[in-house]
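# An overview of the molecular structure
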Amino acid sequence: MSERRAELAAGLGAVRERLAAAATAAGRDPRRVVLVVVTKTFPASDVRLLAGLGVADAGESREPEASAKAAACADLPLRWHQVGRVQTNKAAAVAAWADVVHSVDRSRLAGALSRAAARTGRELGCFVQVSLDGDPARGGVAAQDLPALVDEVAAAPGLRLEGLMAVAPTGEDPARAFERLARLGERVRADHPGAGGLSAGMSEDLEAAVAVGATHVRVGRAVLGSRPAVQ
Ligand SMILES: *Cc1c(COP(=O)(O)O)cnc(C)c1O
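Since this is a predicted model, take the numbers as computed values, not measurements.

## Points about the nonpolar core
Among the nonpolar cores identified, the biggest contains 71 residues, and V128, V153, L164, F178, L181 and V217 are the most heavily contacted of them. Not counting the four nearest positions on each side in its chain, F178 is found in contact with L132, A166, A168, A200, G201, D205, A208, A209 and V212.

In structure tokens form, the structure reads like this:
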């Protein structure tokens, strides 16, 4: 077993244990929480090792790194997730490799993804990213604009509304912030019963997310180790 494979196996094992413990504490089935391993900045060889360790969901964030890595790993049985913000002019590039986009936060982007998905003929899963702190720099639609964007994504050809996504604000207990996300998610599900997904939780706060019902956690460093400082 290569040294890197052993490292990744250890990181993955630790994260799976954390997820299982958090799910059990919340009275949930751990198998209902999708672990998206965020491989941005790490090489395609790591993605390949992770797939060999049973990872089924890989997350990426930036073009052209994401496109290149997905192409290099096209033979692997992976579901690909775009987790970071998407510039509108990159929507077509993202739609060409991603199965799910977690960061739909404005109407223009939804429209561009919908047109791109229509061209490829593939349905694109979409989480609408909501801002939990009202800071536009960190991405996410403001809570008051959320219902309109959710309805738009649900109605857009080629897009499948999955639910809501958020990043925990800095300087606030993530448990409190994720509670707000869960309440917003309940309202979405009342209007769109198929869209009960909640994408929340990263390396540092996955337990708080699982406690409020996260269906997808997006974990990078806790599996792969620290990234280069340029993030
Ligand atoms: C990088 C990233 C993650 C993973 O973060 P870690 O701290 O490495 O677990 C999750 N979500 C988004 C949106 C990201 O950009």
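## Here's the deal with the site of the ligand
In the vicinity of the ligand, the residues found are V38, K40, V83, M165, M202, S203, R218, V219, G220, R221 and R227. The separation between an oxygen atom of the ligand and a polar side-chain atom of K40 is 2.7 Å. At 2.7 Å, a side-chain N or O of R227 approaches an oxygen atom of the ligand. Contact with the protein chains hides 91% of the accessible area of the ligand, taken as 390 Å² for the molecule alone. A class-by-class count of the residues in the shell around the ligand yields five nonpolar, two polar and four charged.

## Some details on the pairing of strand β5 (residues 124-129)
Of all the six residues making up β5, six are buried; the element is thus mostly covered by neighbouring parts of the structure. Across the two faces of β5 the burial is the same, with L124, C126 and V128 and G125, F127 and Q129 all buried. In this sheet, β5 lies alongside strand β4 (residues 100-104) in parallel orientation, the contact comprising three bridges. Its bridge partner lying in β5, V104 is registered against V128.

## Overview of the packing of helix α1 (residues 3-25) against helix α2 (residues 44-52)
At a minimum axis distance of 10 Å, the contact between α1 and α2 shows a crossing angle of 60°. Judged on the interaxial angle alone, α2 and α1 are oblique. Our pair here, α1 against α2, has a crossing hand that is right-handed. Contact residues: α1 offers R4, R5 and L8, while α2 offers D46, L49, L50 and G52. Residue composition of the contact of α1 with α2, grouped by class: three nonpolar, one polar and three charged.

Rules used in this analysis
- Residues numbered from 1 in each chain as written.
- Predicted model: local features only at pLDDT ≥ 70, side-chain atom pairs only at ≥ 80, totals over all residues.
- Heavy atoms only, no water.
- Core = buried A, V, L, I, M, F, W, Y, C linked by side-chain atoms within 4.5 Å.
- Buried < 20%, exposed > 50% of the residue type's maximum accessible area, 1.4 Å probe, protein only.
- Contact = heavy atoms within 4.5 Å.
- Near = heavy atom within 4 Å.
- Polar contact = N/O pair within 3.5 Å; in protein donor to acceptor, adjacent residues only side chain to side chain.
- Areas by Shrake-Rupley, 256 points an atom, 1.4 Å probe, with all protein chains shown as cover.
- Nonpolar A, V, L, I, M, F, W, Y, C, P; charged D, E, K, R; others polar.
- Helix = DSSP H or I, 4+ residues; strand = E, 2+ residues; numbered from the N terminus.
- Pairing = 2+ DSSP bridges.
- Axes fitted to C-alpha atoms, helices over the stretch in contact; angles between N-to-C directions.
- Parallel < 35°, antiparallel > 145°, perpendicular 65-115°, else oblique.
- Left-handed = near helix turned anticlockwise from the far one by under 90°.

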